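Okay, here's what each chain looks like letter by letter:
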Amino acid sequence: MSPDSSSRPTARAVAAEVRDGSRKALDVVEQHLAVIAAREPEIHAFNVVLADEARAAAVKIDEMVSAGEDPGPLTGVTVALKDNMCTRGVPTTCSSKILAGWLPPYDATVVHKLRDAGAIVVGKTNLDEFAMGSSTENSAFGPTHNPHDVTRVPGGSSGGSAASVAAGFTQVGFGSDTGGSIRQPAALCGVVGVKPTYGYVSRYGLIAFASSLDQIGPFTNSVEDAALMLDVIGGHDPLDSTSIPQQHPSLREAIQQDVTGLRIGRITDLPAGADADVVERLEVAFDTLRAAGATIVDVQVPAFTFGLTAYYLIAPAEASSNLARYDGVRYGMRVEAADTNAMYGVTRAAGFGEEVKRRIMLGTYALSAGYYDAYYGKALKVRRLISDDFERAYQHADALLTPTSPSVAFQFGAKGDNPLAMYLCDTYTIPSNLSGQPGMNVPFGTGAHGLPVGVQVLAGTLQEPTMFRVAAALERELSGGLQ
Ligand code: GLN
(Lines give C-alpha, C1' and ligand atoms only; values in the text may rest on other atoms or scores of the structure.)
Protein backbone atom coordinates (compact mmCIF):
# COMPACT_ATOMS: atom_id res chain seq x y z
CA MET A 1 0.00 0.00 0.00
CA SER A 2 1.58 3.20 -1.13
CA PRO A 3 1.14 6.08 1.33
CA ASP A 4 0.86 8.29 -1.72
CA SER A 5 -2.74 8.89 -2.73
CA SER A 6 -1.70 10.01 -6.22
CA SER A 7 -1.36 6.36 -7.34
CA ARG A 8 -5.10 5.72 -6.91
CA PRO A 9 -7.53 6.72 -9.67
CA THR A 10 -9.28 10.02 -9.20
CA ALA A 11 -13.01 10.60 -9.31
CA ARG A 12 -12.48 13.15 -12.03
CA ALA A 13 -10.78 10.60 -14.29
CA VAL A 14 -13.40 7.90 -13.67
CA ALA A 15 -16.31 10.30 -14.25
CA ALA A 16 -14.74 11.42 -17.54
CA GLU A 17 -14.42 7.84 -18.78
CA VAL A 18 -17.90 6.70 -17.78
CA ARG A 19 -19.46 9.89 -19.08
CA ASP A 20 -17.96 9.53 -22.54
CA GLY A 21 -18.89 5.85 -22.68
CA SER A 22 -15.34 4.49 -22.74
CA ARG A 23 -15.98 2.67 -19.44
CA LYS A 24 -19.08 1.17 -17.87
CA ALA A 25 -20.23 2.32 -14.43
CA LEU A 26 -21.00 -1.31 -13.66
CA ASP A 27 -17.39 -2.16 -14.40
CA VAL A 28 -16.22 0.54 -11.97
CA VAL A 29 -18.56 -0.78 -9.26
CA GLU A 30 -17.54 -4.43 -9.77
CA GLN A 31 -13.90 -3.48 -9.57
CA HIS A 32 -14.43 -1.72 -6.25
CA LEU A 33 -16.56 -4.54 -4.87
CA ALA A 34 -13.69 -6.93 -5.68
CA VAL A 35 -11.22 -4.76 -3.74
CA ILE A 36 -13.71 -4.63 -0.86
CA ALA A 37 -14.13 -8.42 -0.90
CA ALA A 38 -10.35 -8.83 -0.74
CA ARG A 39 -9.50 -6.40 2.06
CA GLU A 40 -12.61 -5.42 3.99
CA PRO A 41 -12.31 -8.38 6.40
CA GLU A 42 -9.06 -6.93 7.76
CA ILE A 43 -10.03 -3.24 7.48
CA HIS A 44 -13.70 -3.06 8.57
CA ALA A 45 -14.36 0.30 6.93
CA PHE A 46 -18.07 -0.41 6.45
CA ASN A 47 -21.06 -0.95 8.67
CA VAL A 48 -22.91 -2.04 5.54
CA VAL A 49 -21.87 -2.59 1.91
CA LEU A 50 -24.74 -1.85 -0.46
CA ALA A 51 -23.51 -4.09 -3.28
CA ASP A 52 -26.85 -4.77 -4.99
CA GLU A 53 -28.00 -1.16 -4.71
CA ALA A 54 -24.68 0.01 -6.15
CA ARG A 55 -24.93 -2.42 -9.07
CA ALA A 56 -28.51 -1.32 -9.79
CA ALA A 57 -27.50 2.36 -9.71
CA ALA A 58 -24.60 1.61 -12.07
CA VAL A 59 -26.86 -0.16 -14.56
CA LYS A 60 -29.16 2.90 -14.59
CA ILE A 61 -26.24 5.21 -15.20
CA ASP A 62 -24.95 3.05 -18.04
CA GLU A 63 -28.42 3.11 -19.61
CA MET A 64 -28.51 6.89 -19.39
CA VAL A 65 -25.10 7.19 -21.03
CA SER A 66 -26.10 4.77 -23.81
CA ALA A 67 -29.23 6.83 -24.38
CA GLY A 68 -27.10 9.93 -24.85
CA GLU A 69 -28.05 11.50 -21.52
CA ASP A 70 -25.55 13.05 -19.11
CA PRO A 71 -25.87 11.67 -15.55
CA GLY A 72 -23.76 14.55 -14.19
CA PRO A 73 -20.25 15.55 -13.10
CA LEU A 74 -19.85 12.51 -10.81
CA THR A 75 -21.01 9.91 -13.33
CA GLY A 76 -20.01 6.46 -12.05
CA VAL A 77 -18.00 7.77 -9.10
CA THR A 78 -18.13 5.41 -6.11
CA VAL A 79 -18.76 6.99 -2.72
CA ALA A 80 -18.84 5.83 0.90
CA LEU A 81 -21.00 7.68 3.42
CA LYS A 82 -20.25 7.99 7.11
CA ASP A 83 -23.01 6.13 8.91
CA ASN A 84 -24.37 9.28 10.55
CA MET A 85 -25.87 10.58 7.29
CA CYS A 86 -29.48 9.60 6.73
CA THR A 87 -30.20 7.26 3.85
CA ARG A 88 -33.84 6.52 3.22
CA GLY A 89 -34.77 2.95 4.14
CA VAL A 90 -31.13 2.01 4.75
CA PRO A 91 -29.92 1.50 8.34
CA THR A 92 -28.18 4.57 9.75
CA THR A 93 -26.62 3.65 13.07
CA CYS A 94 -24.02 6.25 14.11
CA SER A 95 -22.15 3.05 15.11
CA SER A 96 -24.36 2.97 18.22
CA LYS A 97 -26.51 0.18 19.58
CA ILE A 98 -29.19 2.70 20.44
CA LEU A 99 -30.20 3.19 16.79
CA ALA A 100 -30.55 -0.56 16.12
CA GLY A 101 -33.40 -1.20 13.74
CA TRP A 102 -34.05 2.44 12.87
CA LEU A 103 -34.56 3.26 9.19
CA PRO A 104 -34.46 6.95 8.20
CA PRO A 105 -37.56 8.10 6.32
CA TYR A 106 -35.53 10.50 4.13
CA ASP A 107 -32.14 11.09 2.51
CA ALA A 108 -29.70 13.74 3.70
CA THR A 109 -29.37 16.66 1.26
CA VAL A 110 -25.76 15.64 0.56
CA VAL A 111 -26.91 12.15 -0.45
CA HIS A 112 -29.50 13.65 -2.80
CA LYS A 113 -26.98 15.95 -4.40
CA LEU A 114 -24.44 13.18 -4.90
CA ARG A 115 -26.97 10.86 -6.55
CA ASP A 116 -28.29 13.70 -8.71
CA ALA A 117 -24.72 14.26 -9.93
CA GLY A 118 -24.34 10.59 -10.96
CA ALA A 119 -22.42 9.23 -7.93
CA ILE A 120 -22.99 5.69 -6.69
CA VAL A 121 -23.29 4.99 -2.96
CA VAL A 122 -21.38 1.79 -2.18
CA GLY A 123 -21.82 1.66 1.58
CA LYS A 124 -22.14 3.27 4.98
CA THR A 125 -18.93 3.57 6.95
CA ASN A 126 -17.87 2.96 10.52
CA LEU A 127 -17.29 5.79 13.00
CA ASP A 128 -16.73 6.45 16.66
CA GLU A 129 -20.17 6.22 18.25
CA PHE A 130 -22.08 9.42 17.45
CA ALA A 131 -18.81 10.82 16.03
CA MET A 132 -17.22 11.09 19.48
CA GLY A 133 -13.59 10.03 19.26
CA SER A 134 -10.40 10.15 17.23
CA SER A 135 -9.67 6.49 16.44
CA THR A 136 -12.98 4.63 15.66
CA GLU A 137 -12.24 2.54 18.74
CA ASN A 138 -15.46 3.92 20.22
CA SER A 139 -17.63 2.20 17.59
CA ALA A 140 -20.14 -0.24 19.06
CA PHE A 141 -19.32 -2.54 16.13
CA GLY A 142 -15.55 -2.77 16.59
CA PRO A 143 -12.82 -0.52 15.20
CA THR A 144 -11.71 0.22 11.64
CA HIS A 145 -8.08 -0.60 10.79
CA ASN A 146 -5.66 1.69 8.98
CA PRO A 147 -5.03 0.39 5.44
CA HIS A 148 -1.36 1.42 5.69
CA ASP A 149 -0.81 -0.70 8.81
CA VAL A 150 -3.70 -2.75 10.14
CA THR A 151 -2.27 -2.76 13.66
CA ARG A 152 -2.97 0.98 13.81
CA VAL A 153 -6.05 3.17 13.99
CA PRO A 154 -7.31 5.10 10.95
CA GLY A 155 -8.11 8.12 13.11
CA GLY A 156 -11.64 9.26 13.78
CA SER A 157 -14.35 9.80 14.08
CA SER A 158 -14.84 9.36 10.30
CA GLY A 159 -12.24 6.57 10.23
CA GLY A 160 -14.32 4.27 8.01
CA SER A 161 -14.67 6.81 5.21
CA ALA A 162 -10.98 7.75 5.35
CA ALA A 163 -9.96 4.07 5.27
CA SER A 164 -12.37 3.37 2.41
CA VAL A 165 -10.60 5.91 0.21
CA ALA A 166 -7.10 4.91 1.35
CA ALA A 167 -7.83 1.21 0.70
CA GLY A 168 -9.30 1.90 -2.74
CA PHE A 169 -12.76 0.67 -1.68
CA THR A 170 -14.32 3.83 -3.10
CA GLN A 171 -12.90 6.83 -4.93
CA VAL A 172 -14.48 9.22 -2.47
CA GLY A 173 -15.72 9.18 1.12
CA PHE A 174 -17.82 11.60 3.11
CA GLY A 175 -17.48 12.43 6.76
CA SER A 176 -18.52 14.98 9.33
CA ASP A 177 -16.13 17.21 11.23
CA THR A 178 -17.10 18.66 14.60
CA GLY A 179 -13.61 18.99 16.07
CA GLY A 180 -11.40 17.37 13.45
CA SER A 181 -13.20 14.19 12.44
CA ILE A 182 -12.50 14.62 8.72
CA ARG A 183 -9.06 16.19 8.82
CA GLN A 184 -7.42 13.96 11.45
CA PRO A 185 -8.39 10.59 9.88
CA ALA A 186 -7.45 12.03 6.47
CA ALA A 187 -3.98 12.78 7.87
CA LEU A 188 -3.60 9.31 9.39
CA CYS A 189 -4.80 7.57 6.22
CA GLY A 190 -2.87 9.76 3.75
CA VAL A 191 -5.82 11.26 1.87
CA VAL A 192 -7.21 14.74 1.29
CA GLY A 193 -9.95 15.74 3.78
CA VAL A 194 -11.85 19.02 3.95
CA LYS A 195 -13.95 20.73 6.58
CA PRO A 196 -15.63 23.66 4.85
CA THR A 197 -16.83 26.94 6.38
CA TYR A 198 -19.76 26.35 8.74
CA GLY A 199 -22.87 26.60 6.57
CA TYR A 200 -21.09 25.84 3.27
CA VAL A 201 -22.67 22.36 3.06
CA SER A 202 -26.19 21.48 4.22
CA ARG A 203 -26.43 19.53 7.48
CA TYR A 204 -29.97 18.39 6.68
CA GLY A 205 -30.04 14.66 7.39
CA LEU A 206 -26.72 14.63 9.25
CA ILE A 207 -27.43 13.21 12.69
CA ALA A 208 -26.43 15.99 15.07
CA PHE A 209 -23.52 15.74 17.51
CA ALA A 210 -22.82 19.43 18.26
CA SER A 211 -24.96 21.45 15.89
CA SER A 212 -22.99 24.70 16.01
CA LEU A 213 -19.80 22.88 14.97
CA ASP A 214 -20.80 19.96 12.67
CA GLN A 215 -19.95 20.20 8.97
CA ILE A 216 -19.93 17.57 6.21
CA GLY A 217 -16.96 17.28 3.87
CA PRO A 218 -15.15 14.92 1.48
CA PHE A 219 -12.20 12.50 1.61
CA THR A 220 -10.48 12.17 -1.76
CA ASN A 221 -7.31 11.06 -3.52
CA SER A 222 -6.59 14.51 -4.90
CA VAL A 223 -7.16 18.18 -4.15
CA GLU A 224 -9.00 18.53 -7.45
CA ASP A 225 -11.41 15.75 -6.49
CA ALA A 226 -12.12 17.49 -3.18
CA ALA A 227 -12.86 20.70 -5.10
CA LEU A 228 -15.17 18.78 -7.42
CA MET A 229 -17.04 17.25 -4.48
CA LEU A 230 -17.56 20.58 -2.73
CA ASP A 231 -18.70 22.15 -5.99
CA VAL A 232 -21.39 19.45 -6.07
CA ILE A 233 -22.49 19.28 -2.42
CA GLY A 234 -22.00 22.94 -1.42
CA GLY A 235 -24.60 25.67 -1.55
CA HIS A 236 -27.73 26.90 0.12
CA ASP A 237 -30.36 24.45 1.31
CA PRO A 238 -33.70 25.81 2.54
CA LEU A 239 -33.97 22.68 4.71
CA ASP A 240 -30.96 23.78 6.83
CA SER A 241 -31.47 27.21 8.36
CA THR A 242 -27.74 27.49 9.09
CA SER A 243 -26.70 26.93 5.48
CA ILE A 244 -25.29 30.10 3.92
CA PRO A 245 -27.76 31.64 1.46
CA GLN A 246 -25.37 32.24 -1.40
CA GLN A 247 -23.74 30.47 -4.28
CA HIS A 248 -20.12 29.42 -3.80
CA PRO A 249 -17.48 30.12 -6.44
CA SER A 250 -16.15 27.06 -8.28
CA LEU A 251 -13.22 25.56 -6.40
CA ARG A 252 -12.13 23.62 -9.46
CA GLU A 253 -11.57 26.95 -11.13
CA ALA A 254 -9.83 28.38 -8.08
CA ILE A 255 -7.09 25.73 -8.15
CA GLN A 256 -6.04 26.80 -11.62
CA GLN A 257 -4.34 29.76 -9.93
CA ASP A 258 -0.92 29.32 -8.32
CA VAL A 259 0.20 30.76 -4.98
CA THR A 260 2.34 33.60 -6.25
CA GLY A 261 1.92 36.56 -3.92
CA LEU A 262 -0.09 34.72 -1.28
CA ARG A 263 0.90 35.29 2.34
CA ILE A 264 1.12 32.03 4.31
CA GLY A 265 1.03 32.44 8.08
CA ARG A 266 3.15 30.53 10.55
CA ILE A 267 1.47 30.61 13.98
CA THR A 268 4.34 31.41 16.34
CA ASP A 269 2.36 30.66 19.51
CA LEU A 270 0.93 27.35 18.32
CA PRO A 271 0.47 24.85 21.18
CA ALA A 272 3.40 22.42 21.40
CA GLY A 273 2.94 18.66 21.27
CA ALA A 274 3.48 17.66 17.65
CA ASP A 275 6.02 14.89 17.07
CA ALA A 276 9.35 15.73 15.42
CA ASP A 277 8.50 13.94 12.16
CA VAL A 278 5.28 15.96 11.84
CA VAL A 279 7.05 19.26 12.55
CA GLU A 280 9.70 18.37 10.00
CA ARG A 281 7.13 17.84 7.26
CA LEU A 282 5.45 21.14 8.18
CA GLU A 283 8.78 22.92 7.70
CA VAL A 284 9.18 21.30 4.28
CA ALA A 285 5.66 22.50 3.44
CA PHE A 286 6.58 26.10 4.31
CA ASP A 287 9.73 25.83 2.17
CA THR A 288 7.70 24.35 -0.66
CA LEU A 289 5.22 27.21 -0.67
CA ARG A 290 7.99 29.77 -0.47
CA ALA A 291 9.65 28.16 -3.47
CA ALA A 292 6.30 28.21 -5.29
CA GLY A 293 6.07 32.01 -4.93
CA ALA A 294 4.29 32.57 -1.60
CA THR A 295 5.57 34.72 1.27
CA ILE A 296 5.80 33.22 4.74
CA VAL A 297 4.74 35.56 7.55
CA ASP A 298 4.64 35.17 11.33
CA VAL A 299 1.25 35.56 13.02
CA GLN A 300 -0.10 35.08 16.54
CA VAL A 301 -3.32 33.33 17.50
CA PRO A 302 -3.02 33.44 21.31
CA ALA A 303 -6.40 31.85 22.06
CA PHE A 304 -5.67 28.86 19.77
CA THR A 305 -4.27 27.03 22.75
CA PHE A 306 -7.56 27.30 24.69
CA GLY A 307 -9.57 25.70 21.87
CA LEU A 308 -9.47 22.19 23.24
CA THR A 309 -10.77 23.21 26.67
CA ALA A 310 -13.57 25.33 25.25
CA TYR A 311 -14.55 22.58 22.80
CA TYR A 312 -14.84 19.97 25.55
CA LEU A 313 -17.46 22.14 27.24
CA ILE A 314 -19.35 23.38 24.18
CA ALA A 315 -19.48 20.11 22.21
CA PRO A 316 -20.63 17.93 25.14
CA ALA A 317 -23.17 20.62 26.14
CA GLU A 318 -24.73 20.52 22.69
CA ALA A 319 -24.45 16.72 22.55
CA SER A 320 -26.24 16.31 25.86
CA SER A 321 -29.16 18.21 24.39
CA ASN A 322 -29.07 16.58 20.92
CA LEU A 323 -28.86 13.05 22.30
CA ALA A 324 -31.79 13.53 24.67
CA ARG A 325 -34.06 12.36 21.84
CA TYR A 326 -32.83 8.76 22.10
CA ASP A 327 -35.27 7.78 24.79
CA GLY A 328 -36.57 4.41 23.65
CA VAL A 329 -39.73 6.00 22.30
CA ARG A 330 -38.97 7.53 18.93
CA TYR A 331 -35.86 5.83 17.54
CA GLY A 332 -34.29 2.40 17.53
CA MET A 333 -33.72 0.44 20.66
CA ARG A 334 -36.02 0.12 23.67
CA VAL A 335 -35.43 -1.86 26.84
CA GLU A 336 -38.70 -2.46 28.67
CA ALA A 337 -39.05 -1.49 32.32
CA ALA A 338 -41.73 -1.01 34.97
CA ASP A 339 -42.64 2.54 33.94
CA THR A 340 -41.69 5.10 31.31
CA ASN A 341 -39.07 6.87 33.39
CA ALA A 342 -37.35 3.62 34.23
CA MET A 343 -37.55 2.63 30.53
CA TYR A 344 -35.72 5.84 29.52
CA GLY A 345 -32.96 5.04 31.99
CA VAL A 346 -32.38 1.40 31.14
CA THR A 347 -32.63 2.04 27.39
CA ARG A 348 -30.00 4.76 27.52
CA ALA A 349 -27.80 2.76 29.89
CA ALA A 350 -27.85 -0.21 27.52
CA GLY A 351 -27.79 1.71 24.23
CA PHE A 352 -24.98 4.23 24.70
CA GLY A 353 -21.28 3.39 25.01
CA GLU A 354 -18.90 4.71 27.62
CA GLU A 355 -17.60 7.76 25.71
CA VAL A 356 -21.08 8.92 24.75
CA LYS A 357 -22.19 8.64 28.36
CA ARG A 358 -19.13 10.61 29.46
CA ARG A 359 -19.97 13.43 27.02
CA ILE A 360 -23.63 13.52 28.09
CA MET A 361 -22.61 13.78 31.73
CA LEU A 362 -19.98 16.46 31.05
CA GLY A 363 -22.43 18.45 28.96
CA THR A 364 -25.30 18.16 31.40
CA TYR A 365 -22.99 19.32 34.17
CA ALA A 366 -21.67 22.28 32.15
CA LEU A 367 -25.23 23.42 31.42
CA SER A 368 -26.69 22.91 34.87
CA ALA A 369 -27.99 25.75 37.02
CA GLY A 370 -25.20 27.33 39.03
CA TYR A 371 -22.46 26.05 36.67
CA TYR A 372 -23.71 27.41 33.37
CA ASP A 373 -21.90 30.76 33.60
CA ALA A 374 -18.74 29.28 35.03
CA TYR A 375 -18.37 26.57 32.38
CA TYR A 376 -20.54 26.86 29.29
CA GLY A 377 -20.74 30.67 29.40
CA LYS A 378 -17.00 30.99 29.83
CA ALA A 379 -16.34 28.56 26.99
CA LEU A 380 -18.48 30.70 24.69
CA LYS A 381 -16.36 33.72 25.59
CA VAL A 382 -13.22 31.77 24.69
CA ARG A 383 -14.86 30.82 21.41
CA ARG A 384 -15.31 34.52 20.67
CA LEU A 385 -11.66 35.20 21.53
CA ILE A 386 -10.53 32.48 19.12
CA SER A 387 -12.62 33.96 16.30
CA ASP A 388 -11.26 37.45 17.02
CA ASP A 389 -7.67 36.17 17.06
CA PHE A 390 -8.13 34.38 13.73
CA GLU A 391 -9.71 37.52 12.29
CA ARG A 392 -6.61 39.53 13.26
CA ALA A 393 -4.28 36.85 11.90
CA TYR A 394 -6.09 36.83 8.55
CA GLN A 395 -5.39 40.53 8.16
CA HIS A 396 -1.73 39.58 7.78
CA ALA A 397 -2.00 36.16 6.15
CA ASP A 398 -4.21 34.68 3.42
CA ALA A 399 -3.92 31.15 4.81
CA LEU A 400 -2.27 29.46 7.78
CA LEU A 401 -0.31 26.23 7.89
CA THR A 402 -0.24 23.88 10.91
CA PRO A 403 0.13 20.17 11.57
CA THR A 404 -3.19 18.33 11.15
CA SER A 405 -2.53 15.62 13.71
CA PRO A 406 0.22 15.74 16.34
CA SER A 407 1.37 12.25 15.31
CA VAL A 408 1.13 9.59 12.63
CA ALA A 409 -1.40 6.76 13.09
CA PHE A 410 -1.07 5.15 16.53
CA GLN A 411 -1.54 1.56 17.68
CA PHE A 412 -4.88 0.27 18.93
CA GLY A 413 -5.18 0.87 22.64
CA ALA A 414 -2.28 3.36 22.65
CA LYS A 415 -4.41 6.03 24.30
CA GLY A 416 -5.72 3.37 26.67
CA ASP A 417 -8.43 4.51 29.00
CA ASN A 418 -7.11 8.05 29.16
CA PRO A 419 -9.74 10.23 27.44
CA LEU A 420 -7.54 13.32 27.66
CA ALA A 421 -4.77 11.66 25.62
CA MET A 422 -7.34 10.95 22.91
CA TYR A 423 -8.76 14.50 23.07
CA LEU A 424 -5.27 15.92 22.42
CA CYS A 425 -5.37 14.44 18.90
CA ASP A 426 -7.56 17.39 17.94
CA THR A 427 -5.45 20.23 19.33
CA TYR A 428 -4.78 21.66 15.86
CA THR A 429 -8.15 21.01 14.24
CA ILE A 430 -10.63 22.19 16.90
CA PRO A 431 -10.04 25.98 16.79
CA SER A 432 -11.37 26.33 13.24
CA ASN A 433 -14.54 24.44 14.20
CA LEU A 434 -15.05 26.96 16.99
CA SER A 435 -14.49 29.88 14.59
CA GLY A 436 -16.57 28.21 11.86
CA GLN A 437 -13.75 28.61 9.34
CA PRO A 438 -12.49 26.16 6.73
CA GLY A 439 -9.58 23.77 7.14
CA MET A 440 -8.22 20.85 5.17
CA ASN A 441 -5.66 18.09 5.36
CA VAL A 442 -3.20 17.67 2.51
CA PRO A 443 -1.14 14.45 2.55
CA PHE A 444 2.48 15.54 2.59
CA GLY A 445 4.84 12.59 2.60
CA THR A 446 5.66 10.19 5.39
CA GLY A 447 6.99 10.23 8.93
CA ALA A 448 7.72 7.61 11.57
CA HIS A 449 7.32 3.98 10.40
CA GLY A 450 6.79 5.21 6.84
CA LEU A 451 3.27 6.30 7.74
CA PRO A 452 1.46 9.26 6.14
CA VAL A 453 1.84 12.78 7.51
CA GLY A 454 -0.52 15.58 6.59
CA VAL A 455 -0.35 19.33 6.85
CA GLN A 456 -3.38 21.45 7.62
CA VAL A 457 -4.27 24.50 5.56
CA LEU A 458 -6.58 26.98 7.31
CA ALA A 459 -8.28 30.03 5.84
CA GLY A 460 -10.78 32.74 6.77
CA THR A 461 -14.56 32.48 6.49
CA LEU A 462 -15.57 31.42 2.97
CA GLN A 463 -11.97 31.66 1.80
CA GLU A 464 -12.11 28.11 0.41
CA PRO A 465 -10.75 29.27 -2.97
CA THR A 466 -7.53 30.48 -1.31
CA MET A 467 -7.29 27.38 0.89
CA PHE A 468 -7.61 25.15 -2.15
CA ARG A 469 -4.97 27.10 -4.09
CA VAL A 470 -2.51 26.47 -1.27
CA ALA A 471 -3.48 22.80 -1.03
CA ALA A 472 -3.10 22.33 -4.77
CA ALA A 473 0.35 23.92 -4.69
CA LEU A 474 1.49 21.57 -1.91
CA GLU A 475 0.16 18.56 -3.81
CA ARG A 476 1.80 19.68 -7.04
CA GLU A 477 5.18 20.19 -5.48
CA LEU A 478 5.04 16.88 -3.64
CA SER A 479 4.10 14.89 -6.72
CA GLY A 480 6.72 16.85 -8.63
CA GLY A 481 9.31 15.11 -6.50
CA LEU A 482 10.12 17.75 -3.89
CA GLN A 483 10.21 15.37 -0.92
N1 GLN B 1 -12.36 13.85 18.20
C2 GLN B 1 -13.25 14.91 18.51
C3 GLN B 1 -14.28 14.45 19.52
O4 GLN B 1 -14.16 13.37 19.98
C5 GLN B 1 -13.89 15.43 17.27
C6 GLN B 1 -14.98 14.58 16.77
C7 GLN B 1 -15.62 15.09 15.52
O8 GLN B 1 -15.12 15.96 14.84
N9 GLN B 1 -16.79 14.56 15.25
O10 GLN B 1 -15.18 15.14 19.86
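Below is a summary of the structure that appears in this document.

Cut-offs applied
- Residues numbered from 1 in each chain as written.
- Predicted model: local features only at pLDDT ≥ 70, side-chain atom pairs only at ≥ 80, totals over all residues.
- Heavy atoms only, no water.
- Helix = DSSP H or I, 4+ residues; strand = E, 2+ residues; numbered from the N terminus.
- Buried < 20%, exposed > 50% of the residue type's maximum accessible area, 1.4 Å probe, protein only.
- Axes fitted to C-alpha atoms, helices over the stretch in contact; angles between N-to-C directions.
- Parallel < 35°, antiparallel > 145°, perpendicular 65-115°, else oblique.
- Contact = heavy atoms within 4.5 Å.
- Nonpolar A, V, L, I, M, F, W, Y, C, P; charged D, E, K, R; others polar.
- Near = heavy atom within 4 Å.
- Polar contact = N/O pair within 3.5 Å; in protein donor to acceptor, adjacent residues only side chain to side chain.
- Areas by Shrake-Rupley, 256 points an atom, 1.4 Å probe, with all protein chains shown as cover.

1. Observations concerning unusual backbone geometry
Then step 1. That bond from G156 to S157 is cis: its omega, 10 degrees, falls within 30 degrees of zero.
Then step 2. On the secondary structure map, S157 appears in the loop between β3 (120-125) and α5 (159-166).
Then step 3. Despite not being glycine, F130 shows a phi value in the positive range, around 55 degrees.
Then step 4. For F130, a relative accessible area of 2% corresponds to the buried category.
Then step 5. Although it is not a glycine, T136 adopts a positive phi angle of roughly 65 degrees.
Then step 6. With respect to the secondary-structure elements, T136 resides in the loop between β3 and α5.

2. A closer look at the packing of helix α9 (residues 276-291) against helix α16 (residues 464-479)
Then step 1. With their axes 10 Å apart at the nearest point, α9 and α16 run at an angle of 100 degrees to one another. With respect to α16, the axis of α9 lies roughly perpendicular. Contact residues: R281, A285, T288 and L289 in α9; V470, A473, L474, E477 and L478 in α16.
Then step 2. Partitioning the contact of α9 with α16 into residue classes produces six nonpolar, one polar and two charged.

3. Some remarks on the site of the ligand
Then step 1. Around the ligand, a shell composed of 15 residues is seen, among which T178, G179, S181, Y311 and D426 lie nearest.
Then step 2. Between Y311 and the ligand, the recorded distance is 2.6 Å, taken from a side-chain N or O atom to an oxygen atom.
Then step 3. A distance of 3.4 Å is found between an oxygen atom of the ligand and a side-chain nitrogen or oxygen belonging to Y312.
Then step 4. Burial of the ligand by the protein chains amounts to 100% of its free accessible area of 300 Å².
Then step 5. When grouped by side-chain class, the residues that make up the shell around the ligand number five nonpolar, seven polar and three charged.

Function cannot be inferred from these measures alone, as they are strictly geometric.
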